[in-house]
Amino acid sequence: MSGGDRVSQPLLQVSDLHVQIASRRGIVRAVDGVSLEVPAGEAVGLVGESGSGKSMTLRAILGVLPAEARVTAGQVLLDGVDLTQLANNQLNQIRGPKIAMIFQEPMSALNPVMRVGSQIAEGPQVHLGMNRRQAAERAIELMRRVGIPDPERRYRSFPHEFSGGMRQRVMIAIALSCEPSLILCDEPTTALDVTIQDQILRLLTRLCRESGTSLVFVTHDLPVVAQVCHQIAVMYAGRIVERGSVQEVLTQPWHPYTLGLVRSAPDVDHPRSSLAAIPGAPPSLVSPPAGCRFHPRCKFAEQDCTVTEPPLRLIDAGHATACLHYERCLDELRTEGADR
Amino acid sequence: MTTLPQGTELPRATGPAVLSPPPDGPLLEAADLAVSFSLGSALIARMRHEAHVLHAVDGVDLTIPRGEALALVGESGSGKSTLARALAGLQRPDRGEIRLDGKVLAARRSRADQRKIQMVFQDPYSSLNPRLTVGGMLHELLRVHHVVAANEIESYTRELLGLVGLGEEAVHAYPRQFSGGQRQRVAIARALALRPELLVADEPVSALDVSVQATILNLLQDLRAELGLTLLLISHNLAVVRHLCDRIAVMYLGRIIEVAPTETLFARPQHPYTRGLLAAIPRMTFTAEGDVPAVKGDPPSPLRIPVGCRFRTRCPIAQPICEQQDPALTTSASDPLHTAACHFAFGAAPPPADSAQVASTASPAGEGTRP
């Protein structure tokens, strides 16, 4: 994993991003001060539960927010260019050759009345200046690379003729078609069966490793992050509460919310007698609680947690937490380890 | 919109669901159960040389002892939900027999029989009537089925809600006022209201967030312990299954292909599909850096089930015999609880030539571990 090469400029640098959504109940602060770095060639996992703002962060990066949502502050720097300042036609020059996106539901992301091959060939024609035949050859080559059997024939198929796993392979081929430096993935395997998920995750990691493509991978599934990513950022109520290498964060969480997530999911290799659920429910993002947003559900909460909003601070090389009392997590893990 | 507070403590087993003394023999037995669906017109299908009958469940034998938690696992299209619906009487089988307490259940079930098998569905947003309060829903159910005397309905409703960890104020609330996890509690209360002998839960936590999943899984576990409930859990999540169930049945394309006690299945899976399924689970501890997937290819369409062994088109150890003969479920010589439908299960036949590949895909140690 990348240890010392942090000197170079990261490929993607999101700083203090705010996304707000106008709703009848007031302004929803869906993303509220998120900062994130993605070094070239690395995969960063963005995890959290529904409503944590992980998908909104991803959509804000690519400038594909829903109509009622707006970036109200912050920067998204890709190779030094602030994407939030670009007009839509300028963004279209970026989407495809620089950043591509893979969605959860390939059936709704693909054009149902356009042949699969033409959809893959479209990007190279528009962005790489290829003619129709060159683009078609490239599409067939890409279909072969993503493991679609008999690509010459399947080129002329429509999306509905493909299985869910094959459609997601088509999405990956489209994402790779203009050789982007960054691919954004929004729960790309959540709708798939476990054996197909395994195939897709292996394919995606191999292709990104071969081409040096960076990934931002949004999911709610911690083991999936462990499979794919080097770095992980955990989101809660619109903010990143912990960040670090996947191994450290998942085995030595420094935020009680991460600890809660790790413990509430049953582990297939280490069955436990009872699962530790996180009590309560996530807060409203119209009027989030004062201080630490997790404090109403946190068993380590103290008086100071209700007053100041703790910033994300770097504790150890690359491992940051937004918990004022993160040592408690360590104590808890230590006593649990002694009990085992 | 109000969110109701969520209780965590369950009341002790003063039990609305008091069970009759257990007779001998299994609670539920299904023999040669088959369910098929006809798609479109037979004539047009014949003209196009296409199949139009989908064999969702294709000859399943299943036994559930009283008090057991049995898991039914498999991928989409394996027929696990159809089998569950057939057992619950929501889907009429083409053939086969379902016995409850030794008594054959008629195709058209009496109200008393309907009561004995109750279901909890995956999506608590679409399985509850949005126009009825929780109390209204439970009252109607209790009146129709005469579960308790009319003057006890109120108190029994409150007792039920307490059992699933909901407060009394839930009686007057509509489903939309609850979060997903609380709705699933309501759905469980509704299923338990009829004092069923068997609770069938079809992917009860798949639509929920991870931290909420845990509360529902813990609730199911507590209910089992307190009420001695027999549970059939349908899930694609093997971690959930391992956490909750005593025994696992693995389905593939309408058939059960392996059954074993949970720990045996995880330790010594016999069917190559089971091995692949176990190897495909994303783990917290290692990465997907190896390029060989646990199971190759897509499952065949249930409209065109391969002849011979159904798994052979994706099987890493398939041999000519697999095309010629459909393997029956055979029982392990050393473990009467372990059955598998593979020609090469339990060392019954000489190991196939490329068994080395199977070993490497089945064992986590064969994967690239994180440095």
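This one's a predicted model, so the numbers in the text were calculated from it and none came from an experiment.

1. With respect to the overall build of chain A
When its secondary structure is counted, chain A shows 12 helices and 12 strands. Oriented by its inertia axes, the alpha-carbon framework of chain A measures out at about 65 × 45 × 45 Å. Scored against the burial criterion, the 340 residues of chain A give a buried share of 49%. The contacts of chain A with a sequence gap of at least 6 include a subset with a gap of at least 24, amounting to 64%.

2. So, the confidence of the model for chain B
Residue and element names in this part refer to chain B. On average, residues of chain B score 85 in pLDDT, and 86% of them reach the 70 mark or higher. Scored below 50 in pLDDT, residues 1-21 shows 37 contacts in the model against residues more than four places distant or in partner chains. This stretch, residues 354-371, has a pLDDT under 50; its non-local contacts, to residues over four places away or in other chains, come to 31 contacts. Reported confidence for the predicted complex is 0.86 by ipTM and 0.86 by pTM.

3. Re helix α7 (residues 164-176) of chain A
Residues and elements named next belong to chain A. Its 13 residues place the ends of α7 19 Å apart at the C-alpha level, agreeing with the 18 Å of an ideal helix rising 1.5 Å per residue. Of all the 13 residues making up α7, 12 are buried; the element is thus mostly covered by neighbouring parts of the structure. Inspection of α7 places G165, M166, R167, Q168, R169, V170, M171, I172, A173, I174, A175 and L176 among the buried residues, and these make up the whole buried set. Summarising the contacts, the buried residues of α7 are in contact with β6 (99-102), α3 (106-109), α4 (116-127), α5 (132-145), β7 (182-186) and α8 (194-211).

4. Here's the deal with the packing of helix α6 (residues 180-193) of chain B against helix α7 (residues 210-227) of chain B
Residues and elements named next belong to chain B. Taken N-terminus to C-terminus, the directions of α6 and α7 make an angle of 20 degrees; their axes are 9 Å apart at the nearest point. The angle between α6 and α7 places the two elements in the roughly parallel class. For the crossing formed where α6 meets α7, the hand is right-handed. Contact with α6, carried on its side by G180, G181, Q184, R185 and I188, involves V212, T215, I216 and L219 of α7 and no other residues of that element. Split into classes, the residues belonging to the contact of α6 with α7 amount to 4 nonpolar, 4 polar and 1 charged.

5. Observations regarding the packing of α8 of chain A against helix α10 (residues 272-280) of chain B
Two elements in contact, α8 of chain A and α10 of chain B, have axes separated by 8 Å at closest approach and are oriented at 55 degrees. With respect to α10 of chain B, the axis of α8 of chain A lies oblique. Remark: the crossing between α8 of chain A and α10 of chain B carries left-handed chirality. Along the contact surface, α8 of chain A presents V194, T195 and D198 of chain A, while α10 of chain B presents G276, L277 and A280 of chain B. Here the contact of α8 of chain A with α10 of chain B is composed, by residue class, of 3 nonpolar, 2 polar and 1 charged.

Rules and cut-offs
Residues numbered from 1 in each chain as written. Chains lettered and ligands numbered in written order. Predicted model: local features only at pLDDT ≥ 70, side-chain atom pairs only at ≥ 80, totals over all residues. Helix = DSSP H or I, 4+ residues; strand = E, 2+ residues; numbered from the N terminus. Buried ≥ 20, exposed ≤ 12 C-beta atoms within 10 Å, placed from the backbone. Contact = placed C-beta atoms within 7 Å. pLDDT = per-residue confidence, 0-100. Expected span 1.5 Å × (residues − 1). Axes fitted to C-alpha atoms, helices over the stretch in contact; angles between N-to-C directions. Parallel < 35°, antiparallel > 145°, perpendicular 65-115°, else oblique. Left-handed = near helix turned anticlockwise from the far one by under 90°. Nonpolar A, V, L, I, M, F, W, Y, C, P; charged D, E, K, R; others polar.

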